[in-house]
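As a plain string of letters, each chain reads:
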Amino acid sequence: MTEPTVLEASNLVVRYPGHPPVTAVDDVSLDIRAGETVALVGESGSGKSSVARAVAGIEKSAAGSVRFDGEPVRALGVRRRPLALTGIQMVFQDPATSLNPRRRIGDQIADGVRTARARGAEGSRPEEWLERVGMDPAWTARFPHQFSGGQKQRIAIARALAARPRLLVADEPISALDASTQTSVAGLMRDLIAEVGAGMLFISHDLAVVHRIADRTVVMYGGRVMEQGATDQVWDAPRHPYTRSLLAAIPVPDGAGRIPAAPTAEDRAEWADTPPIG
Ligand SMILES: Nc1ncnc2c1ncn2[C@@H]1O[C@H](COP(=O)(O)OP(=O)(O)OP(=O)(O)O)[C@@H](O)[C@H]1O
Ligand SMILES: [Mg+2]
């Protein structure tokens, strides 16, 4: 069965003022269906966070359009009302900055539940959400500082999903976690968004994790999409030279790690000149 499309971004352009101005996102299009995890990968500065902010409506795009549940995202009035009420939730790299240090975690998750109800969606209790993210439901009265980084990120995920979003935009949600918890938190996010029927845009530098959890992968370089497709297809048969170079940098499982040669100016010219794939 084909799930409905939650997010449809078409020909997005994001520019930052300056001398000269920076075109951080140049003609990017991507779709996300309900229950689907779409990964956005590419080197630092390739425009991933700018795409994330533009699709969430918190960054103005210079051109292009974003449709969310079939409606133009501008019409959602993100600037006039809280983002959460639109059905979009975001999770960032550092859970310490998204959680309020002075409030009990149960109360913060309850904010998410209230948002769900305000949108007419079903709201489960904070205790149930703690359990769903693999934590003890008896911990609702605790404060953020009583938890590890990985636990804080689980709490932030619980709060985001308690709001029953249609779209979860996660910008490097596992980058600040230690290696042993990265995979489990990413897998948990993938499972839970599918359970609540949300789509997820998942940004990560950890390509091994992306390979495991993403249904589809979008590869960016220099503000443009170089290749996009089903994750297995992109991994097993990368067609764009930039994708091949990016994937060559993944350490091999024996831990030895392949050390890729630094890209040359010729490599970069070839990447920029090869038409996008997918
Ligand atoms: N607020 C801003 N003002 C000016 N330039 C910006 C701003 N935010 C990002 N940029 C520029 O836009 C480009 C894309 O940045 P962006 O943060 O979207 O990249 P990214 O792929 O998320 O990188 P990273 O992997 O390091 O997080 C970069 O050249 C960056 O310097
Ligand atoms: Mg970024």
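This is a predicted model, so every value here is computed, not measured.

Moving on, we come to the overall build of the protein chain. What the protein chain contains, in helices and strands, is 10 helices and 10 strands. Against the compact-globule benchmark of 19 Å for 278 residues, the protein chain has a radius of gyration of 19 Å, which places it among compact chains. Dimensions of the protein chain, computed from the C-alpha atoms along their principal axes, are close to 55 × 50 × 45 Å. Across the protein chain, contacts joining residues at least 24 apart in sequence account for 68% of those joining residues at least 6 apart.

So, on to the site of ligand 1. Taken together, Tyr16, Gly18, Val22, Ala24, Gly42, Ser44, Gly45, Ser46, Gly47, Lys48, Ser49 and Ser50 make up all the residues around ligand 1. Elements with a contribution of two residues or more to the shell around ligand 1: strand S2 (22-33) and helix H1 (48-55). Looking at the shell around ligand 1, the element that brings in the most residues is H1, giving three residues. Of the residues contributing to the shell around ligand 1, the split by class is three nonpolar, eight polar and one charged.

What follows is about the pairing of strand S6 (residues 88-91). Strand residues, when the strand is regular, have side chains that alternate between the two faces of the sheet. Going residue by residue along S6, you find Ile88 and Met90 tucked away on one face and Gln89 and Val91 tucked away on the opposite face as well. Alignment of S6 against strand S7 (residues 167-171), held across four bridges, turns out to be parallel. When the sheet's bridge partners are listed, Ile88 is paired in S7 with Leu167.

A few words on the nonpolar core. With 70 residues, the main nonpolar core has Val169 and Leu201 as its most contacted residues. Looking at which element gives the most residues to this core, the answer is helix H5 (residues 149-162), with seven residues. Each residue touching Leu201, except ones within four places of it in the same chain, is listed here: Ile32, Val38, Leu40, Ala52, Val55, Val169 and Ala170.

So, about the packing of helix H3 (residues 105-118) against H5. Contact pair H3 / H5: the axes reach a minimum separation of 7 Å and the direction vectors enclose 25°. In terms of orientation, H3 and H5 fall into the roughly parallel class. Counted together, Ile105, Gln108, Ile109, Asp111, Gly112, Val113 and Ala116 of H3 and Ile155, Ala158, Arg159, Ala160 and Ala162 of H5 form the full contact between these two elements. Looking at the contact of H3 with H5 residue by residue, the classes come out as eight nonpolar, two polar and two charged.

The strand order S2-S1-S4-S5 describes an open sheet built from four strands, whose pairing is antiparallel. Every interior strand has two partners, whereas the edge strands, S2 and strand S5 (71-72), have only one. Strand direction decides the pairing type here: strand S1 (residues 5-16) and S2, joined by nine bridges, are antiparallel. Bridge pairing links Arg15 to Thr23 in S2. The strands that H1 touches are S1, S2 and strand S4 (63-68); relative to S1, the one it contacts most, it runs at about 120°.

Okay, the sheet that holds strand S8 (residues 199-203) next. Overall, mixed pairing links the six strands, which are arranged S6-S7-S8-S3-S9-S10 in an open sheet. With one partner strand each, in any of the chains shown, S6 and strand S10 (224-230) form the two edges of the open sheet. Strand-to-strand twist across the sheet, computed as the mean angle between neighbouring axes with direction ignored, equals 15°. Taken together, the four bridges between strand S3 (residues 37-41) and S8 define a ladder with parallel strand orientation.

Let us look at unusual backbone geometry. It is generally the case that most residues other than glycine have a negative phi and that most peptide bonds are trans. Omega for the bond connecting His19 with Pro20 falls within 30 degrees of zero, at -5°, which places this linkage in the cis form. Along the chain, Pro20 falls in the loop between S1 and S2. One non-glycine residue, Asn11, adopts positive backbone phi at about 50°. Turning to its location among the elements, Asn11 is positioned in strand S1. Its identity as a non-glycine residue notwithstanding, Arg164 has a phi of 50°, on the positive side. Relative to the helices and strands, Arg164 is located in the loop between H5 and S7. The class for Arg164 is buried, based on 22 C-beta atoms found within 10 Å.

What follows is about the environment of Glu36. Position of Glu36 among the secondary structure elements: in the loop between S2 and S3. On the basis of neighbour count, Glu36 is assigned to the buried category, with 21 C-beta atoms found within 10 Å. When the C-alpha atoms of Glu36 and Leu167 are compared, they prove to be 9.7 Å apart, with 131 residues separating the residues in sequence. Beyond its immediate chain neighbours, meaning those up to four positions away, Glu36 contacts Glu3, Gly199, Asp215 and Arg216.

Okay, the packing of H5 against helix H6 (residues 179-196) next. Between H5 and H6, the least distance of the axes is 11 Å, while the angle of their chain directions is 10°. When the interaxial angle is binned, H5 and H6 end up roughly parallel. Only Thr181, Val185, Met189, Leu192 and Val196 of H6 make contact with H5, whose side of the interface consists of Gly150, Gln153, Arg154, Ile157 and Leu161. Grouping the constituent residues of the contact of H5 with H6 by class yields six nonpolar, three polar and one charged.

About the criteria used
- Residues numbered from 1 in each chain as written.
- Chains lettered and ligands numbered in written order.
- Predicted model: local features only at pLDDT ≥ 70, side-chain atom pairs only at ≥ 80, totals over all residues.
- Helix = DSSP H or I, 4+ residues; strand = E, 2+ residues; numbered from the N terminus.
- Rg over C-alpha atoms; globule rule 2.2 N^0.38 Å.
- Contact = placed C-beta atoms within 7 Å.
- Near = placed C-beta within 6 Å.
- Nonpolar A, V, L, I, M, F, W, Y, C, P; charged D, E, K, R; others polar.
- Buried ≥ 20, exposed ≤ 12 C-beta atoms within 10 Å, placed from the backbone.
- Pairing = 2+ DSSP bridges.
- Core = buried A, V, L, I, M, F, W, Y, C linked by C-beta atoms within 7 Å.
- Axes fitted to C-alpha atoms, helices over the stretch in contact; angles between N-to-C directions.
- Parallel < 35°, antiparallel > 145°, perpendicular 65-115°, else oblique.

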